[in-house]
Amino acid sequence: MALARIARSNLRRSGVAFGSNANAYERDLFNERTYTTKCSSPCHEDGSFSYISRIKEQNYMKFSMRGIAGTPSYQYPNTQRVMEESESELEEDQTRYAGLEATKPGEKPRVVVLGTGWAACRFLKGLDTKIYDVVCISPRNHMVFTPLLASTCVGTLEFRSVAEPVGRIQDALARDPNSYFFLASCTGVDTNKHEVYCEAVTNGGLSKEPYQFKVAYDKLVIAAGAEPLTFGIKGVKEHAFFLREVYHAQEIRKRLLLNLMLSENPGISEEEKKRLLHCVVIGGGPTGVEFSGELSDFITRDVRERYTHVKDYIHVTLIEANEILSSFDVSLRQYATKHLTKSGVCLMRGVVKEVHPKKIVLSDGTEVPYGLLVWSTGVGPSEFVKKLNLPNSPGGRIGVDGWMRVPSVEDVFALGDCAGFLEQTGRPVLPALAQVAERQGKFLMELFNKIGKQNGGKAMSANDIPFGEPFVYKHLGSMASVGAYKALVDLRQSKDAKGLSLAGFVSWLIWRSAYLTRVLSWRNRFYVAVNWGTTLVFGRDNSRI
């Protein structure tokens, strides 16, 4: 690039014009017997580079003797090519981290939110945009209502019913001139400069890949979520399906219906039919149990009616290392075990050792063939969180204090599955649950509105403002559907506390009513209610789209 700058500077000094004036340039250069080059060791003068622009005849001859062509007619095309490449590189350097600069005096403070999960969206929903400009950065432009995601895999609900566009949650992102949503992944945070660095999610849509930019912030809220835990087991990422995003559910549905249709083709052996139609779920938590229940429902009510040729081959196996639903009351765990077994779900205890394309191997050597493998063993810190130079809580999450602040850095907060209380706070790390994230988002939103009204929204301006009482989490209870119009409701505040526990049809009504009211918008509540009614009357759709 330095050589290119020299060439461009010298050509301009010589009055060189490209195209039709090239021959004139050649004559002038040849007659003057000069040669343009760069200092072998640049000299600094007042912070800038100085260059020797012309070398006389003897230097020109020395360069020729070293094998460097000295005729102007040969040099000119190479010089032009280098200049063109350098201009492209210079332009790329200048635009690589183009973006939003720091806010100026008189402008509203800017809050940057990383993520569109439960914590981020609850925070965005109530943030006072008369006080703040808000920028949301996430690789997805919607929030997923995760408790109902399992229902979309088998057609009980449509995918759009569980996705809420972030622009509907906080309309300032689309309305206000200085508030934005950026479809991008955050790649780094500079807490000293108060900047985040991002890479756009383009999938080849832009001419320059990767497209990178920066955003300056006054306050930063990290709510980037977590990633499924694989425990380093070989083959999990390559062959298993997870169930945390809408596209995960879409992939599961496509594979399930594909296996059903393939198994009806002539010439498929009995053994291959059993493998194709064996659905294995790893993990006995609420997600794994609910998916197993939905799948058994789908088999009982729809598959055996519409796939009569293979109805006796399809079955579900749920593998758990310990007990299913370990956080629930003992009586509820027993009920779930009995009900799932009665519904045709095979419960196995075991630890997965390896995952192969068509089978899994357990630690005791047992081989389990499968056609569909769903992995639901909990979540852990994402690679992005691991790379951040921030304090960590037990388990590797971003460490926070009682007000969700990240100590040792200014104006940085963390919420949801990516955050946990620091050990010195004396508080336990909260479970990665939707209700935990939602409550944290509401708490921080109220705190931001409070300090914003006291002129504490700008960077480095909230140190003297009292934050009030720290965040306190009270568990409201747990619920899980087990299929066939049955569910579990555990209203205890902790695993060892006493409280109301219900199971059966009444619990299923409570489960549906509670989740219907928690869906964020009336639009999606209507969609969910209509989907449930349509499924009840007409059954689930089995189109593979």
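Refer to the structure printed above.
Conventions we followed
- Residues numbered from 1 in each chain as written.
- Predicted model: local features only at pLDDT ≥ 70, side-chain atom pairs only at ≥ 80, totals over all residues.
- Heavy atoms only, no water.
- Pairing = 2+ DSSP bridges.
- Helix = DSSP H or I, 4+ residues; strand = E, 2+ residues; numbered from the N terminus.
- Axes fitted to C-alpha atoms, helices over the stretch in contact; angles between N-to-C directions.
- Parallel < 35°, antiparallel > 145°, perpendicular 65-115°, else oblique.
- Left-handed = near helix turned anticlockwise from the far one by under 90°.
- Contact = heavy atoms within 4.5 Å.
- Nonpolar A, V, L, I, M, F, W, Y, C, P; charged D, E, K, R; others polar.
- Salt bridge = Lys/Arg side-chain N within 4 Å of Asp/Glu carboxyl O.
- Buried < 20%, exposed > 50% of the residue type's maximum accessible area, 1.4 Å probe, protein only.
- Core = buried A, V, L, I, M, F, W, Y, C linked by side-chain atoms within 4.5 Å.
- Expected span 1.5 Å × (residues − 1).
- Arc of directions from axis to C-beta.
- Patch = residues over 30% accessible without salt bridge, like charges linked within 9 Å, V, L, I, M, F, W, Y side chains within 5 Å.
- Areas by Shrake-Rupley, 256 points an atom, 1.4 Å probe, with all protein chains shown as cover.
- Right-handed = clockwise from strand over helix to strand, strands pointing away.

**Q** Give a description of the sheet that holds strand S17 (residues 359–362) that names residues and reports values.
**A** What the three strands build is an open sheet, ordered S16-S17-S18; its pairing is antiparallel. The sheet is open, and its two edges are formed by strand S16 (352–355) and strand S18 (367–369), each paired on a single side. Pairwise comparison of adjacent strand axes, ignoring direction, gives a mean angle of 25 degrees for this sheet.

**Q** I'd like a rundown of the packing of helix H16 (residues 505–518) against helix H17 (residues 522–538), residues and numbers included.
**A** Running from N to C, H16 and H17 cross one another at 150 degrees; their axes reach a closest spacing of 9 Å. When the interaxial angle is binned, H16 and H17 end up roughly antiparallel. Relative to H17, the crossing made by H16 is right-handed. When H16 is examined against H17, the residues Arg512, Leu516 and Thr517 are found in contact with a partner set consisting of Arg525, Val528, Ala529 and Trp532. Residue composition of the contact of H16 with H17, grouped by class: four nonpolar, one polar and two charged.

**Q** Any details on the pattern of salt bridges? Residues and values, ideally.
**A** Enumeration according to the criterion identifies 22 salt bridges in this entry. The partner of arginine 175 in a salt bridge is aspartate 176, with the nearest N and O atoms 2.9 Å apart. In this structure arginine 175 comes out as exposed when scored by relative accessible area, which is 51%. In this structure, the salt-bridge partner of arginine 405 is aspartate 401, at a minimum N-O distance of 2.9 Å.

**Q** Describe the nonpolar core, and please don't skip the residues or the numbers.
**A** Ranked by internal contacts, the top residues of the largest apolar core, which has 117 residues, are Phe123, Leu148, Ile222 and Phe291. In terms of residue count, the dominant contributor to this core is helix H15 (residues 434–453) (eight residues). Membership of the second largest hydrophobic core comes to 15 residues, among which are Ile233, Ala240, Val280 and Leu362.

**Q** Could you give an account of helix H10 (residues 246–262), with specific residues and numbers?
**A** Compared with an ideal rise of 1.5 Å per residue, which puts 17 residues at 24 Å, H10 spans 24 Å between its outermost C-alpha atoms and is within 8% of the ideal. Turning to H10, its buried residues are Val246, His248, Ala249, Ile252, Arg253, Leu256, Leu257, Asn259 and Leu260. An end-on view of H10 places all buried positions within 160 degrees of arc, on one side of the element.

**Q** Can you break down a nonpolar patch on the surface residue by residue, with the values?
**A** A contiguous nonpolar patch, built from Leu491, Leu500, Leu502, Phe505, Val506, Leu509 and Ile510 and spanning about 580 Å² of accessible area, is present on the exposed surface. In terms of residue count, H16 provides more of the nonpolar patch than any other element does, four residues in total. Along the chain, the position of phenylalanine 505 falls in helix H16.

**Q** Describe the pairing of strand S14 (residues 315–320), listing the residues and the values that go with them.
**A** Of all six residues in S14, five are buried, a share of seventy percent or more. Sheet topology places strand S13 (residues 278–282) next to S14; five bridges connect them, and they run parallel. By the bridge assignment for S14, valine 280 is matched with threonine 317. A crossover connection joins S13 to the parallel S14 through helix H12 (residues 286–306); in handedness this β-α-β unit is right-handed. By the bridge criterion, five bridges tie S14 to strand S15 (residues 345–349) in an arrangement that is parallel. Opposite glutamate 320, over in S15, you have arginine 349 as the bridge partner. Taken together, S14, helix H13 (residues 330–342) and S15 constitute a β-α-β crossover, and its handedness is right-handed.

**Q** Provide a residue-level description of unusual backbone geometry, including the pertinent values.
**A** A positive phi angle is found at histidine 194, which is not glycine, with a value near 60 degrees. Mapped onto the secondary structure, histidine 194 falls in the loop between strand S8 (180–190) and strand S9 (195–200). Positive phi values are uncommon outside glycine, yet methionine 460 reaches one of about 60 degrees. Relative to the elements of secondary structure, methionine 460 occurs in the loop between H15 and strand S24 (478–483). Looking at methionine 460, the relative accessible area reads 48%, which means it is partly exposed.

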